[in-house]
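Topology and contacts: notes
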Amino acid sequence: METTSATVQSSANATGPKILAKDVNVFYGEKQALKDINVNIPDRGVMAFIGPSGCGKSTFLRCINRMNDTIAACRVTGKITIEGEDIYDPSLDPVLLRARVGMVFQKPNPFPKSIYENVAYGPRIHGLAANKAELDDIVAKSLERAGLWKEVRDRLNDPGTGLSGGQQQRLCIARAVAVGPEVILMDEPCSALDPIATAKVEELIDELKRNYCIVIVTHSMQQAARVSQRTAFFHLGILVEEGETNEIFTNPQDQRTQDYITGRFG
Ligand SMILES: Nc1ncnc2c1ncn2[C@@H]1O[C@H](COP(=O)(O)OP(=O)(O)OP(=O)(O)O)[C@@H](O)[C@H]1O
């Protein structure tokens, strides 16, 4: 499923960490939700964030594309870089950042428009296609990358909301891919899907990791074990432990990780 279109190619560089977080603290008003988070996220692979409810996984995910900026009471300190570039630099446009760092949410949220328009919207507003033929090409390639092309190519003008839940989630992934992101953030992307649709999305994640840096928040340890190469365990706003997924699940260094993965809490 290789593509020749520059617009859907990741510009990622395979060496060194893609994302680097240093001493990241997040506050909602007076309440501190994350404390001194330090982590390197490698390129071309999947990192899973796991941990009990309320430990700050989604909050940290939202730091990576500055979605927390949209929450009035939220304050972020510390530094996050993507390929060395400080994403909190005041000169950086968060709208452009969010094209580089796509996001897929828990509940599939296609626009109330056609399948075609759902995918074409981003490339059009970012001026990625010079004409209709180029836009058609981006739409087709993005749907192909999201493993949906064969299922929808004959009904591109049908509403996106008419697809099944799993197809809608893959449409949202196609929409993220269409603007040529480097990073794809996924916040529990399968929690609203049945096991068959979940398996399809997991297969897709496995395919996409060859070209993108993917960060996934999941409540399912089985899913983390299946799809990720690295796992970070969060607890009460602290990143307790991070490492190779296999190591985290078989030989965790911290008692809290051990307790969580063996089901003693969470
Ligand atoms: N918009 C918000 N305003 C105020 N507090 C918030 C907001 N979003 C999250 N929090 C708080 O920040 C803490 C971390 O929440 P977050 O949603 O990041 O955790 P999580 O690990 O993703 O949880 P879950 O697994 O239940 O989704 C929680 O105490 C939560 O109540």
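Because the structure is a prediction, the values reported are computed rather than measured.

When you go through the chain residue by residue, the secondary structure sums to 10 helices and 10 strands. For the chain, the C-alpha radius of gyration of 18 Å lies close to 18 Å, the compact-globule estimate for 266 residues. C-alpha atoms of the chain, sized along the principal axes, occupy 55 × 45 × 35 Å. For the chain, with 266 residues in total, the buried portion stands at 43%.

Turning our attention to the nonpolar core. It is characteristic of soluble globular proteins that their nonpolar side chains tend to be buried jointly. With 70 residues, the main nonpolar core has V183, I214 and V215 as its most contacted residues. Ranked by residues supplied to this core, first place goes to helix α6 (residues 165-177) with six residues. Beyond its immediate sequence surroundings of up to four residues, V183 is in contact with K18, I19, I64, I82, R100, V101, Y212, C213 and V215.

This part is about the confidence of the model for the chain. The predicted model of the chain averages 93 in pLDDT, with 94% of residues at 70 or higher. In this model residues 1-14 is a low-confidence stretch, pLDDT under 50, and it forms 35 contacts with partners more than four residues away in sequence or in other chains. Scored as a whole, the predicted complex attains pTM 0.92, and scored at its interfaces, ipTM 0.97.

Phi is positive for D23, which is not a glycine, with a value near 50°. Structurally, the position occupied by D23 is in strand β1 (residues 17-28). Of note, the phi angle at R66 is positive, near 60°, even though the residue is not glycine. Here R66 lies in the loop between α1 (57-64) and β4 (74-82).

The next thing to look at is the pairing of β1. Alignment of β1 against strand β2 (residues 31-42), held across eight bridges, turns out to be antiparallel. Bridge assignment links V24 to a residue of β2, and that residue is I37. Between β1 and the antiparallel strand that follows it, β2, lie two residues; G29 among them carries a positive phi value of about 60°.

Our next topic: the sheet that holds β4. The strand order across the open sheet built from four strands is β2-β1-β4-β5, with neighbouring strands paired in antiparallel fashion. Edge positions in the open sheet fall to β2 and β5 (85-86), since each of these has one partner strand only.

With that settled, consider the UniProt feature "domain: ABC transporter" (unreviewed entry) in the chain. UniProt records the feature "domain: ABC transporter" (unreviewed entry) for residues 19-261 in the present numbering. Strand forms 27% of residues 19-261 and helix 37%; the C-alpha atoms that close the span are 26 Å apart.

The subject of this paragraph is the site of the ligand. Taken together, Y28, A33, G51, S53, G54, C55, G56, K57, S58, T59, I71 and A73 make up the full set of residues near the ligand. It is α1 that contributes the most residues to the shell around the ligand, three residues altogether. Its residues assigned to classes, the shell around the ligand comprises five nonpolar, six polar and one charged.

Moving on: the environment of E134. Its location among the elements puts E134 in helix α4 (residues 132-145). Separated by 11 residues in sequence, E134 and P123 place their C-alpha atoms 10.0 Å apart.

Rules used in this analysis
Residues numbered from 1 in each chain as written. Predicted model: local features only at pLDDT ≥ 70, side-chain atom pairs only at ≥ 80, totals over all residues. Helix = DSSP H or I, 4+ residues; strand = E, 2+ residues; numbered from the N terminus. Rg over C-alpha atoms; globule rule 2.2 N^0.38 Å. Buried ≥ 20, exposed ≤ 12 C-beta atoms within 10 Å, placed from the backbone. Core = buried A, V, L, I, M, F, W, Y, C linked by C-beta atoms within 7 Å. Contact = placed C-beta atoms within 7 Å. pLDDT = per-residue confidence, 0-100. Pairing = 2+ DSSP bridges. UniProt positions renumbered as here; feature names shortened; annotations may be inferred. Near = placed C-beta within 6 Å. Nonpolar A, V, L, I, M, F, W, Y, C, P; charged D, E, K, R; others polar.

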